Amino acid sequence: MHTKVVFQAAKALARIGCVVLRFNFRGVGLSAGVWDNGHGELHDYRAAVAFMAAEYPSIEMWAAGFSLGSYIATTVGADDDRVSALIAIAPPVHKYEFASVKMSPKPKFIIHGERDEIISLKLVRHFYAQLQEPKELVEIDRANHLFDGQAGEVGDALADLLEDFSWKTQ
């Protein structure tokens, strides 16, 4: 929740008018519970979607996440009719199948670092090729997995991609 890239992404989304919820998964930071290797974290994200839908029933909801969070967010978002767009920053395509994301007709936005040392850009491009339209991939030049020194570029890319986006108008 407090990584620079997550902070800059949330800041950019708020700047373009989004209501943003950032939270830690179970067992991370001061969150209760125990890390569950992605399984329980899917439930955490579902609870966050339900909370946002109850608090803001009339707004368009997008699911976004970074690294493992991008797998969790896009998987939950692909399967939840309340979510209209999927946003993945540095998705761990080397570790997870993303099956429901690949089949989803919802708009998908991916941001990845050119020099990501954990998840190769080649694998992300292969994953991207498997996605249904609409989709868009932004590659951040020279960026590593944590976008060290370039987290602001992630925020700028999100703002550029999504400033005028609305699934409702598609």
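Above this text is the structure in question.
Calculation rules
- Residues numbered from 1 in each chain as written.
- Predicted model: local features only at pLDDT ≥ 70, side-chain atom pairs only at ≥ 80, totals over all residues.
- Heavy atoms only, no water.
- Buried < 20%, exposed > 50% of the residue type's maximum accessible area, 1.4 Å probe, protein only.
- Helix = DSSP H or I, 4+ residues; strand = E, 2+ residues; numbered from the N terminus.
- Pairing = 2+ DSSP bridges.
- Axes fitted to C-alpha atoms, helices over the stretch in contact; angles between N-to-C directions.
- Contact = heavy atoms within 4.5 Å.
- Phe/Tyr/Trp six-rings, centres within 6.5 Å; stacked < 30°, edge-to-face > 60°.
- Lys NZ or Arg CZ within 6 Å of the ring centre and 35° of its normal.
- Expected span 1.5 Å × (residues − 1).
- Parallel < 35°, antiparallel > 145°, perpendicular 65-115°, else oblique.
- Left-handed = near helix turned anticlockwise from the far one by under 90°.
- Nonpolar A, V, L, I, M, F, W, Y, C, P; charged D, E, K, R; others polar.
- Core = buried A, V, L, I, M, F, W, Y, C linked by side-chain atoms within 4.5 Å.

Novice: What is the right way to look at the pairing of strand 3 (residues 108-113) in this model?
Specialist: Note on strand geometry: in a regular strand, side chains alternate between the two faces of the sheet. For strand 3, a buried count of six out of six residues is recorded, marking the element as mostly surrounded by other parts of the structure. Pairing geometry for strand 2 (residues 83-89) and strand 3, over four bridges, is parallel. The partner of A88 across the bridge, within strand 3, is I110.

Novice: Just to check I follow, could you spell out the sheet that holds strand 3 for this structure?
Specialist: Backbone hydrogen bonds hold the strands of a sheet together, and the pairing may be parallel or antiparallel. With parallel pairing, four strands are arranged side by side in an open sheet as 1-2-3-4. Both edges of this open sheet fall to strand 1 (61-66) and strand 4 (135-140), since each of them pairs with a single strand only. Ignoring strand direction, the axes of neighbouring strands in this sheet form an average angle of 15°. Packing of helix 3 (residues 68-79) onto the sheet brings it into contact with strand 1 and strand 2, and relative to strand 1 it is tilted by some 155°. Across the sheet, helix 5 (residues 121-130) is in contact with strand 3 and strand 4; its angle to strand 4 comes to roughly 170°.

Novice: What's the story with the packing of aromatic side chains in this structure? I'm lost.
Specialist: Given two aromatic rings, their pairing is described by the distance between the two centres and the angle made by the two planes. The full count for this structure, using the stated rule, is six aromatic pairs. Relative to F165, the ring of F109 has its centre 5.2 Å away and its plane inclined at 80°; by these criteria the two rings are edge-to-face. Here F109 is found in strand 3, whereas its partner F165 is found in the segment after helix 6 (151-162), with 56 residues between them in sequence. The class of F109 is buried, set by a relative accessible area of 7%. Members of the aromatic cluster, each reached through a chain of ring pairs, are Y71, Y96, F98 and F127. The aromatic ring of Y128 is capped on one face by K135, whose charged end is 4.6 Å from the ring centroid.

Novice: What's the story with helix 2 (residues 39-55) in this structure? I'm lost.
Specialist: Helical periodicity: at 3.6 residues per turn, an α-helix aligns residues three or four positions apart in one direction. For helix 2, built from 17 residues, the straight-helix expectation of 24 Å at 1.5 Å per residue is met to within 8% by its first-to-last C-alpha distance of 25 Å. Among the structural elements, strand 1, helix 3 and strand 2 are those in contact with the buried residues of helix 2.

Novice: Looking at this structure, I do not really get the packing of helix 1 (residues 4-15) against helix 6. What am I missing?
Specialist: Following both chains from N to C, one finds helix 1 and helix 6 inclined at 30°, their axes separated by 8 Å at the closest point. It follows that helix 1 is roughly parallel to helix 6 by the angle criterion. For the crossing formed where helix 1 meets helix 6, the hand is right-handed. In this structure, helix 1 contributes K4, V5, Q8, A9, A12, L13 and R15 to the contact, and helix 6 contributes A151, G152, V154, G155, D156, L158, A159 and L162. When grouped by side-chain class, the residues that make up the contact of helix 1 with helix 6 number nine nonpolar, three polar and three charged.

Novice: Looking at this model, I keep getting lost on the nonpolar core. Mind explaining?
Specialist: Within soluble globular proteins, side chains that are nonpolar generally end up buried alongside one another. Formed by 27 residues in total, the largest nonpolar core has its most connected members in Y45, F98, V101, I110 and F127. When contributions to this core are tallied by element, the ones reaching two or more residues are helix 2, strand 1, helix 3, strand 2 and helix 5. Of all the elements, helix 3 adds the most residues to this core, at six residues. When sequence neighbours within four positions are dropped, the list of residues in contact with I110 reads A88, P91, V124, F127, Y128, L131, E136, L137 and V138.

Novice: I would appreciate a short explanation of the packing of helix 2 against helix 3 in the present structure.
Specialist: Angle between the axes and distance between the axes: these two values describe a pair of packed helices. Running from N to C, helix 2 and helix 3 point in directions that differ by 60°, and their axes come no closer than 9 Å. Here helix 2 is positioned oblique relative to helix 3, judged by the angle of their axes. Crossing geometry of helix 2 relative to helix 3 is assigned as right-handed. Within the contact between the two elements, helix 2 uses E41, L42, Y45, R46 and V49 and helix 3 uses I72, A73, T75 and V76. Across the contact of helix 2 with helix 3, the residue classes tally to six nonpolar, one polar and two charged.

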